[in-house]
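For reference, the chains in residue letters:
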Amino acid sequence: MERLWHGLVDPLSFAFMQRALLVAVAVGILCAVVGSYLLVQSLALLGDAISHSLLPGLAIAYMLGLNLFVGAFVAGLLSALLIQWIRSASPLKPDAAMGIVFSAFFALGILLITWIQRRARIDLNHFLFGNILGVNAVDVLTVVGITLLVLGLVALFFKELTFCSFDPLGAKAAGLPTERLGWGLMVLTSLTLVASMKAVGVLLVLAMLITPAATAYLLVPQLHQVMLLGSLFGVSASLLGMYASYYLNVASGPAIVLVASAWFGLAFLGRSLLGKR
Amino acid sequence: MKKQSAPLPLRPAGGSLVVRDLTVRYGSLQVLQGIQAEIAPGRITGILGPNGAGKSTFLKGLLGLVPLERGEVRYGGQALRGEQVAYVPQRSAIDWTFPATVWDVVLMGQVKPTGWFRRIGKEGRRRAAQALERVGMGSYRDRPIGRLSGGQQQRVFLARALAQEAEIYALDEPFAGIDQPSEAILFQVMRELADAGHIVMVVHHDLGQALARFDEVLLLNRVLIAQGSPQQVLQPQVLRQAYGQAISLSLAA
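No experiment lies behind these values; they were computed from the predicted model shown.

Chemist: Account for the overall build of chain A, with residues named and values stated.
Modeler: Per the secondary structure count, chain A includes 13 helices and zero strands. The helix and strand sequence of chain A, counted from the amino end, reads α-α-α-α-α-α-α-α-α-α-α-α-α. The C-alpha radius of gyration of chain A comes to 19 Å, within 12% of the 19 Å expected for a compact globule of 277 residues. Burial statistics for chain A: of 277 residues in total, 51% are counted as buried. Taking the contacts inside chain A whose residues are at least 6 apart along the sequence as the reference set, 75% of them involve residues at least 24 apart. Accessible surface, chain A: about 12,600 Å² in total, of which carbon and sulfur atoms supply 71%.

Structure below.
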């Protein structure tokens with residue numbers, strides 16, 4: 001028991017572990033809260049599309065010497081706009097529009113990064129799979145700042161966002177600006193993905209959006225409970241993943257995602273054994 | 001757009017909903033063409049027609065939920081405002097696995113009246129609770145909405161509409177596949193709303209006995225075929241215009 005305690009606490013004397021801890025907690029909560037909305041609106045695929053689309057933004061921001069978070073955010077929003085445009089101005093179904101846009105963005109991102117790599121040493125893997133142990137102080141400030149901002153906005157607009165998610169037509173008829181709220185959710189999603197990319201990487205961040213929220217969804221009946229319990233699953237997954245990354249020297253993204261998936265598996269099996277549908 | 005020098009009275013008494021030349025097109029398909037109608041307060045207005053006649057689209061077009069190709073809708077001489085409208089969508093438009101309880105859904109009726117950046121207050125909760133009692137669902141507050149019968153779900157949505165304290169109540173196929181007690185409660189509440197001077201519009205799917213309980217019927221099939229009392233509209237020659245030949249047989253039975 002004491003060895004376990006030391007195993008958990010001792011690494012925290014390193015500054016890089018303290019930074020990782022903060023990011024892990026922030027990302028765990030943030031992803032579960034925003035992911036709950038994506039989950040109940042069947043927008044998981046859109047989260048995936050936006051996350052893959054962050055990559056060219058990162059690359060271009062790097063080339064121009066701009067803030068990587070800003071570059072990624074702009075690229076994420078741009079992809080959401082493009083998807084919406086293709087959907088509304090053609091007979092294509094949403095999944096096709098998303099597939100086209102995110103693979104194009106992702107391809108462009110890979111191309112630009114491999115091109116940058118000819119001249120500068122950057123590790124593509126860190127973008128793709130995350131490196132929570134490598135975040136610097138500015139990263140931490142940005143991630144915590146985004147988390148507080150997004151959580152504040154969700155708290156502020158919770159009743160409107162929830163009404164719109166549940167019954168968009170009823171909400172529109174009642175006079176809520178459902179389209180603007182929908183775009184607001186896209187902005188929040190992009191911010192969340194940007195904040196999470198350093199910890200989980202753009203390839204796997206979808207799992208943090210959906211899996212903890214989905215796990216909670218199996219267990220509790222109200223949206224705010226899904227968010228709270230999902231946060232618990234998300235935070236514990238990112239913490240355990242962080243330690244796995246420290247002790248086993250593996251990429252943090254896959255480690256975090258596997259823990260989150262394990263929580264889901266346990267909840268799913270437990271429910272099935274209890275005979276619930 | 002809507003600048004007023006004097007504040008509007010809370011309930012514009014006796015204002016009708018006036019529909020002029022309402023035309024809706026989905027892509028190349030013209031769903032509704034040139035509908036002219038006046039829907040009066042104080043009565044239950046049924047919107048009827050065969051499948052694909054555009055009944056639901058008519059309701060959505062009225063409420064601004066789908067874009068109009070042409071036409072306009074005026075209420076008390078003005079454009080409709082959201083806070084005047086409570087809408088109950090078709091059951092199929094709702095994801096019943098959504099993580100919400102009965103109470104969560106009824107409270108949504110108070111979202112718009114409460115306004116931005118504010119929590120739903122004591123008064124709002126009281127009204128929501130009252131609405132839930134009114135439809136006989138008070139003891140189901142904490143039940144997940146997915147674990148109710150179809151009729152109970154409709155009653156919860158009617159309670160949500162009541163909690164909105166609107167002037168215009170629009171229900172899309174509320175009677176589809178629901179139990180007899182729920183249907184009775186729905187009609188009772190709609191009757192009270194109409195008696196209180198509200199506009200009540202109901203899209204209805206068949207020509208069964210329930211029809212007699214409407215005060216006014218709009219018969220649609222892409223265009224407005226007829227408007228009047230159920231007795232006036234349900235004449236064989238009128239129905240044949242809307243439904244074609246086949247209907248006269250089933251009506252006679």
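Chemist: Please set out the nonpolar core residue by residue, giving values where relevant.
Modeler: Judged by nonpolar contacts, the single largest core of 137 residues is most densely connected at Ile132(A) and Leu219(B). With 13 residues, the top contributor of residues to this core is helix H2 (residues 15-40) of chain A. Dropping the residues within four chain positions of it, Leu219(B) is found in contact with Leu48(B), Gly49(B), Leu224(B), Ile225(B), Ala226(B), Val233(B), Val238(B), Leu239(B), Ala242(B) and Tyr243(B). Of all hydrophobic cores here, the second largest spans 29 residues; its members include Leu32(B), Leu59(B), Val73(B) and Leu80(B).

Chemist: Can you explain the sheet that holds strand E4 (residues 70-75) of chain B? Please cite residues and give values.
Modeler: All names here are of chain B. Within the open sheet, the three strands sit side by side as E2-E1-E4. Their pairing is antiparallel. Because the sheet does not close on itself, it has two edges, and the strands there are strand E2 (29-39) and E4. Direction aside, neighbouring strands of the sheet carry axes that sit 20 degrees apart on average. In this structure, strand E1 (residues 17-26) lies alongside E4, joined through five bridges in antiparallel fashion. Directly across from Val18, in E4, lies its bridge partner Arg74. The sheet strands contacting helix H1 (residues 55-62) are E1, E2 and E4, and the helix crosses E1 at an angle near 120 degrees.

Chemist: If you had to explain a nonpolar patch on the surface to someone new, which residues and values would you point to?
Modeler: Residues and elements named next belong to chain A. Together, Ile60, Tyr62, Met63, Leu64, Leu66 and Trp115 make up a nonpolar patch on the protein surface, roughly 570 Å² of accessible area in all. Element by element, the count of residues in the nonpolar patch is highest for helix H3 (residues 44-64), at four residues. Mapping Met63 onto the fold places it in helix H3. Looking at Met63, the relative accessible area reads 32%, which means it is partly exposed.

Chemist: Please set out helix H12 (residues 223-248) of chain A residue by residue, giving values where relevant.
Modeler: Spanning 26 residues, H12(A) covers 36 Å between terminal C-alpha atoms, matching the ideal 38 Å at 1.5 Å per step. Positive backbone phi, at 55 degrees, marks Asn249(A), one or two positions downstream of H12(A).

Chemist: Any details on the pairing of strand E8 (residues 216-221) of chain B? Residues and values, ideally.
Modeler: All names here are of chain B. Most of E8 is tucked away, with five of its six residues classed as buried. Bridge count for strand E3 (residues 44-48) against E8 is four bridges, and the pairing is parallel. Bridging from a neighbouring strand, Leu48 pairs with Leu219 of E8. Across five bridges, the pairing between E8 and strand E9 (residues 223-228) is antiparallel. Paired with Leu219 across the bridge in E9 is Ala226.

Chemist: Outline the interface of chain A and chain B, listing residues and values.
Modeler: Many structure descriptions define interface size as the accessible area lost when the parts assemble. Facing the 24 residues of chain A at the interface are 31 residues of chain B. At the boundary of chain A with chain B, total buried surface from both sides reaches about 2,400 Å², with 71% on carbon and sulfur atoms. In terms of surface lost to chain B, no three residues of chain A exceed Lys159(A), Phe166(A) and Leu169(A), which account for 30% of the buried area on that side. In this assembly, chain A and chain B are joined by one salt bridge. One salt bridge in this structure joins Asp167(A) and Arg160(B), with 2.6 Å as the shortest N-O distance. For the pair chain A and chain B, the interface holds eight residue pairs in polar contact (both at pLDDT 80 or more). Secondary-structure elements contributing two or more residues to the side of chain A that touches chain B are helix H8 (158-166), helix H9 (168-173) and H12 of chain A.

Cut-offs applied
- Residues numbered from 1 in each chain as written.
- Chains lettered and ligands numbered in written order.
- Predicted model: local features only at pLDDT ≥ 70, side-chain atom pairs only at ≥ 80, totals over all residues.
- Heavy atoms only, no water.
- Helix = DSSP H or I, 4+ residues; strand = E, 2+ residues; numbered from the N terminus.
- Rg over C-alpha atoms; globule rule 2.2 N^0.38 Å.
- Buried < 20%, exposed > 50% of the residue type's maximum accessible area, 1.4 Å probe, protein only.
- Contact = heavy atoms within 4.5 Å.
- Areas by Shrake-Rupley, 256 points an atom, 1.4 Å probe, with all protein chains shown as cover.
- Core = buried A, V, L, I, M, F, W, Y, C linked by side-chain atoms within 4.5 Å.
- Pairing = 2+ DSSP bridges.
- Axes fitted to C-alpha atoms, helices over the stretch in contact; angles between N-to-C directions.
- Patch = residues over 30% accessible without salt bridge, like charges linked within 9 Å, V, L, I, M, F, W, Y side chains within 5 Å.
- Salt bridge = Lys/Arg side-chain N within 4 Å of Asp/Glu carboxyl O.
- Expected span 1.5 Å × (residues − 1).
- Buried area = accessible area lost by both parts, 1.4 Å probe.
- Polar contact = N/O pair within 3.5 Å; in protein donor to acceptor, adjacent residues only side chain to side chain.

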